[in-house]
Structures are given as C-alpha cells and as structure tokens.
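# Close look at the chain arrangement
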Amino acid sequence: MKQVTIAALAAIALSACASRPESIAASYVSHEKYAGNDCTQLSTYLSDARSQLQKVSAMQDSKANMDAATVFFVLVPASKLSGDHAADVAKLKGEVEAIETAQVKRGCKVARLT
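Reference entry: report on the structure contained in this document.

Reading the values: rules and limits
- Residues numbered from 1 in each chain as written.
- Predicted model: local features only at pLDDT ≥ 70, side-chain atom pairs only at ≥ 80, totals over all residues.
- Heavy atoms only, no water.
- Phe/Tyr/Trp six-rings, centres within 6.5 Å; stacked < 30°, edge-to-face > 60°.
- Helix = DSSP H or I, 4+ residues; strand = E, 2+ residues; numbered from the N terminus.
- Core = buried A, V, L, I, M, F, W, Y, C linked by side-chain atoms within 4.5 Å.
- Buried < 20%, exposed > 50% of the residue type's maximum accessible area, 1.4 Å probe, protein only.
- Contact = heavy atoms within 4.5 Å.
- Salt bridge = Lys/Arg side-chain N within 4 Å of Asp/Glu carboxyl O.

The description of an aromatic ring pair uses the distance of the two centres, along with the angle that the planes make with each other. The full count for this structure, using the stated rule, is one aromatic pair. Aromatic pair Tyr 34 and Tyr 45: ring centres 5.9 Å apart, planes at 55 degrees, arrangement tilted. Of the two residues, Tyr 34 is situated in the loop between helix H1 (2–15) and helix H2 (39–74) and Tyr 45 in helix H2; the sequence distance between them amounts to 11 residues.

Below you can see the structure in the form of structure tokens.
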C-alpha cells in the first residue's frame, strides 16, 4: 500500500513539472500584424524573435531540469513555486510563425530553420 501511495504521489508530481520547450504549442499570432513591413524588416523581426525564443526556451529547459531534480528529492516541482516560461515560449513561437507567414505572403526569400 505504501508503495502505491508513493507511486501515485510521484506520478502527480511529475505531471505538474515544467514542459519542455519542444512540447509547447505556439500561440496564435496573426500575420497581419506584420503585413505593412518590407522583406528587410521582416527578416530583422524574425531574427529577433528567433533569438528571443532561443533564450526563453533555454530558460524553460532549465526550469524543466530543475523540476526533475526537485521532484526526485522533495516531490514538489520547483516551477510550481517560482513559475515557468511556457507562456513566453508559446507566444514567441506564434510570433515566429506569424512573421514567416508574412514573409511568404509578401513574397520574401524565407530562411526556415528545421
């Protein structure tokens, strides 16, 4: 019985951990926001958005790693106490998608990352 209780608590704690950036879906951002920009501006915005996304994704990954460590020791994910960056990751993913769509609609040369 004690093992079942411990296993259940561990499962609950792990399900509350911070998500990995690659598993976070993009928030919707309309490409119309960027419709009035030329290809050079769009390229600059895209570079900035990708840079910010990379930075915030690294912070989110760090939160997920910290959660894994704290759950192992105390069964409480640290991000539940200090928050995570999932909303920022989702927003920036949406911005990147919107800018890429605006580039395609404008007929710009698009450099997509894989």
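Don't stop here, the text continues.
Let's shift gears to the nonpolar core. Side chains that are nonpolar tend, in soluble globular proteins, to be buried together. Membership of the largest hydrophobic core comes to 16 residues, with the highest contact counts inside it found for Tyr 34, Leu 42, Leu 53, Val 89, Val 96 and Ile 99. Looking at this core, the elements with two or more residues in it are H2 and helix H4 (86–106). Among residues more than four places away in sequence, those in contact with Leu 42 are Tyr 34, Asn 37, Ile 99, Ala 102, Gln 103, Arg 106 and Cys 108.

Taken as a whole and assessed by the stated rule, the structure comprises four salt bridges. As a salt-bridge pair, Asp 61 and Arg 20 come within 2.7 Å of each other at their nearest N and O atoms. Taken as a pair, Asp 61 in helix H2 and Arg 20 in the loop between H1 and H2 lie far apart in primary sequence, 41 residues in all. According to the relative accessible area criterion, Asp 61 is partly exposed, its value standing at 27%. With a closest N to O distance of 3.7 Å, Glu 95 and Lys 91 form a salt bridge. On the criterion of helical spacing, the pair formed by Glu 95 and Lys 91 is a turn pair, its members being four residues apart in helix H4.

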